[in-house]
Amino acid sequence: MAVMGKPGDVVAVVVSVGLIGSAGWRVVTAGSGPAAEASEVASIETSDAVLESAAKLIREGKTEQAATVLRAAVREHPDEQAFRVSLARALVLLDDSAEGYRQYEAALAIGPRPAELEFQAGTVASMAGLPERAIEHYSAARSAEPGHPDYPLYLGQVKLATGELDEARASLLAAALLDEERAVVWGTLAEIALRKNEATLAVQHAARARELEPRVTAWRLIEARALKRAGDAERALAVLDGVEPADAGSASVLRLASECLGLLGEPAEAARRYTEVASVRTGEGVAALALEASTWNERAGDVTAAIEMADRAVLLAAQADEAEVGERAAKRAERLRGG
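What counts, and where the lines are drawn
Residues numbered from 1 in each chain as written. Predicted model: local features only at pLDDT ≥ 70, side-chain atom pairs only at ≥ 80, totals over all residues. Heavy atoms only, no water. Core = buried A, V, L, I, M, F, W, Y, C linked by side-chain atoms within 4.5 Å. Buried < 20%, exposed > 50% of the residue type's maximum accessible area, 1.4 Å probe, protein only. Helix = DSSP H or I, 4+ residues; strand = E, 2+ residues; numbered from the N terminus. Contact = heavy atoms within 4.5 Å. Axes fitted to C-alpha atoms, helices over the stretch in contact; angles between N-to-C directions. Parallel < 35°, antiparallel > 145°, perpendicular 65-115°, else oblique. Nonpolar A, V, L, I, M, F, W, Y, C, P; charged D, E, K, R; others polar. Phe/Tyr/Trp six-rings, centres within 6.5 Å; stacked < 30°, edge-to-face > 60°. Salt bridge = Lys/Arg side-chain N within 4 Å of Asp/Glu carboxyl O. Lys, Arg positive; Asp, Glu negative; His and termini not counted. Expected span 1.5 Å × (residues − 1). pLDDT = per-residue confidence, 0-100. Left-handed = near helix turned anticlockwise from the far one by under 90°.

This brings us to the nonpolar core. The tendency in soluble globular proteins is for nonpolar side chains to be buried side by side. Tyr104, Tyr138, Leu153 and Val185 are the most contacted members of the largest nonpolar core, which totals 77 residues. At 9 residues, the largest contribution of residues to this core is made by helix H10 (residues 183–195). If we ignore the near neighbours within four places in the chain, the residues touching valine 185 are Leu153, Leu172, Ala175 and Ala176. Residues Val50, Ala66, Ala67 and Val74 belong to the second largest nonpolar core, which totals 14 residues.

Here's what the structure looks like:
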C-alpha cells in the first residue's frame, strides 16, 4: 500500500498557492523613452488585471473559460512565465495533468525556478504518471530550499512508488528531522519497513503515526499488518478494532481482520463480521464482501449461512453489474448445495 495520504492531495496543494489567469490582454510593444516606460507600466497593470480576471472566473467555477483565456494569452506571449503557470494550474483543475505538466516545464524553462514552482511541477508530474520527472523536480526543490519538510517527504513517497526503498527511507528520515510531528512521514516509513520485511521497525513507525493521528485508518492498517507479520495477530486485531465506525466495514479492514481471526482460530467471528456488513449494504463491491462472508461461514461449519451469502452475492453482483463476482458466487452456491 503506497501511502500518499494527505500530501498526495496535489490539487489542494496547487490551489493553495493561488490561481492566477487572464482575459483579453494585449501588451503594447515598448520602444524607448518616456512613452515606452509609460507603456511598460500600463502593460504590467493590465497584465495584473487580466490575471485577476481569470482567477475570478475560476472562483466562479468557470475554469474552462479561464483556461481558454489563458491559452490565448500564452499564444500571444509565450515567454510570460505567469501565464504558463496560471494555465498549468487551471489545467490541473480540469483533470488534464499531462498538459498541465507541459506548461510547468515551459514555465520553468522561462525562469526563474524557485523551489515552490519546482515542487508544484513535481506534484503534477506525479499526477501525470511521470515519476522520474517528479523526482527531478522534488530534488531540485529540496536543493533550493533544504529546510522545507514537504520536499523530502514528497520525494520519499515518489521514491517508494518507484521501488527505491533505501533512497525513499533516507529522504523521509530527512523530512522527519525537519518536522517529526507529521504522521504521514512515520506511516510511510512503516510501509517501507514492511516492504523490507522489518516487521518490528514497521510496528514502531506505524504506532508513532497512529499516536499522532489516531483517527486515520491507514495508520492502523499498516500497524496491524506489521503486527500480523511479526506473529502477533491478537494485537493486530485490537488495533483494527479501534478504527472509526465508518471504516470498520471497509473491504481492507474486514480482510485483514478476518486474516487475524483465522490465525487465532476464530473463523466464526470472521464470518459474523462479513455477514453483518454484506447483509445490509448494497452497491459496488458489496457482492465481493458477501462472497467472502460465504467463504468464512463455510470455514466455520455453517453451510446454510454460506449458501445464503453466496446467493446474496449473486443478487448483489447482478445489481452492480459485477459479472465475474456473480459467476464465482453462483458456482459456490451450486457446490454448497451439492450440485
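That shown, we press on.
At a minimum axis separation of 7 Å, helix H12 (residues 217–229) and helix H13 (residues 233–240) run at an interaxial angle of 170°. Considering the angle they form, H12 stands roughly antiparallel to H13. Every residue of H13 that contacts H12 at Arg220, Leu221, Glu223, Ala224, Leu227 and Lys228 is listed here: Ala233, Arg235, Ala236, Val239 and Leu240. Of the residues in the contact of H12 with H13, the class split is 7 nonpolar, no polar and 4 charged.

Following the criterion strictly, the structure yields 4 aromatic pairs and no others. Between the aromatic rings of phenylalanine 119 and tyrosine 154, the centroid separation amounts to 4.7 Å while the plane-to-plane angle is 80°, which identifies the pairing as edge-to-face. Of this pair, phenylalanine 119 sits in helix H6 (residues 115–127) while tyrosine 154 sits in helix H8 (residues 150–161), and the two are 35 residues apart along the sequence. Its relative accessible area of 3% is what places tyrosine 154 among the buried residues. Ring geometry for tyrosine 138 and tyrosine 154: centres 5.6 Å apart, planes at 65°, overall edge-to-face. Of the two residues, tyrosine 138 sits in helix H7 (residues 131–144) while tyrosine 154 sits in helix H8, which places them 16 residues apart along the sequence. A relative accessible area of 1% places tyrosine 138 in the buried class.

In this section: the environment of leucine 93. Positionally, leucine 93 belongs in helix H4 (residues 81–93). Taking C-alpha positions, leucine 93 is 9.2 Å from glutamate 64, a pair spaced 29 residues apart along the chain.

Per the counting criterion, the structure on display carries 27 salt bridges. Ionic pairing is found between arginine 328 and glutamate 324, a salt bridge with its closest N-O pair at 2.8 Å. Of the two residues, arginine 328 and glutamate 324 both sit in helix H19 (residues 323–336), 4 residues apart, roughly one turn of that helix. By relative accessible area, arginine 328 is classed as partly exposed at 41%. Taken together, the shared-partner salt bridges connect Asp241, Glu269, Arg272, Arg273 and Glu276 into one network.

Let us look at the side chain of glutamate 322. Among the secondary structure elements, glutamate 322 is positioned in the loop between helix H18 (303–320) and H19. Here glutamate 322 is buried and forms no salt bridge, its nearest opposite-charge partner arginine 328 lying at an N-O distance of 8.5 Å. With sequence-adjacent residues up to four places away left out, glutamate 322 is seen in contact with Glu284, Gly285, Ala287 and Ala317.

Counted at 1.5 Å a residue, the expected span for H10 with its 13 residues is 18 Å, and the 19 Å between its end C-alpha atoms agrees. All of the buried residues in H10 are Ala183, Val184, Val185, Trp186, Gly187, Thr188, Leu189, Ala190, Glu191, Ile192, Ala193 and Leu194. Elements that come into contact with the buried residues of H10 comprise H8, helix H9 (165–178), helix H11 (199–212) and H12. Looking one or two residues beyond H10, the residue adopting positive phi is asparagine 197, at roughly 60°.

Quick look at the confidence of the model for the protein now. Predicted confidence across the protein gives a mean pLDDT of 89, with 86% of residues reaching 70 or more. Contacts from residues 5–42, a stretch scored under 50 in pLDDT, to residues over four places away or in other chains number 70 contacts.

Our focus in this paragraph is the packing of H11 against H12. Closest axis-to-axis distance for the H11/H12 pair is 8 Å, and the angle between their directions is 155°. What the angle tells us is that H11 and H12 run roughly antiparallel. Here H11 and H12 pass one another in a crossing that is left-handed. Counting all contacts with H11, which are made through Ala199, Ala202, Val203, Ala206, Ala207, Ala209 and Arg210, the residues of H12 involved are Trp219, Arg220, Ile222, Glu223, Ala226, Leu227 and Arg229. For the contact of H11 with H12, the per-class residue count stands at 10 nonpolar, no polar and 4 charged.

Now for unusual backbone geometry. The omega angle of the peptide bond from glycine 111 to proline 112 is 0°, so this bond is cis rather than trans. Of note, asparagine 197 is a non-glycine position whose phi angle comes to about 60°, a positive value. Mapped onto the elements of the fold, asparagine 197 is located in the loop between H10 and H11. Owing to a relative accessible area of 55%, asparagine 197 belongs among the exposed residues under this scheme. Of note, the phi angle at aspartate 321 is positive, near 55°, even though the residue is not glycine. Residue classification places aspartate 321 among the exposed residues on the basis of a relative accessible area of 68%.

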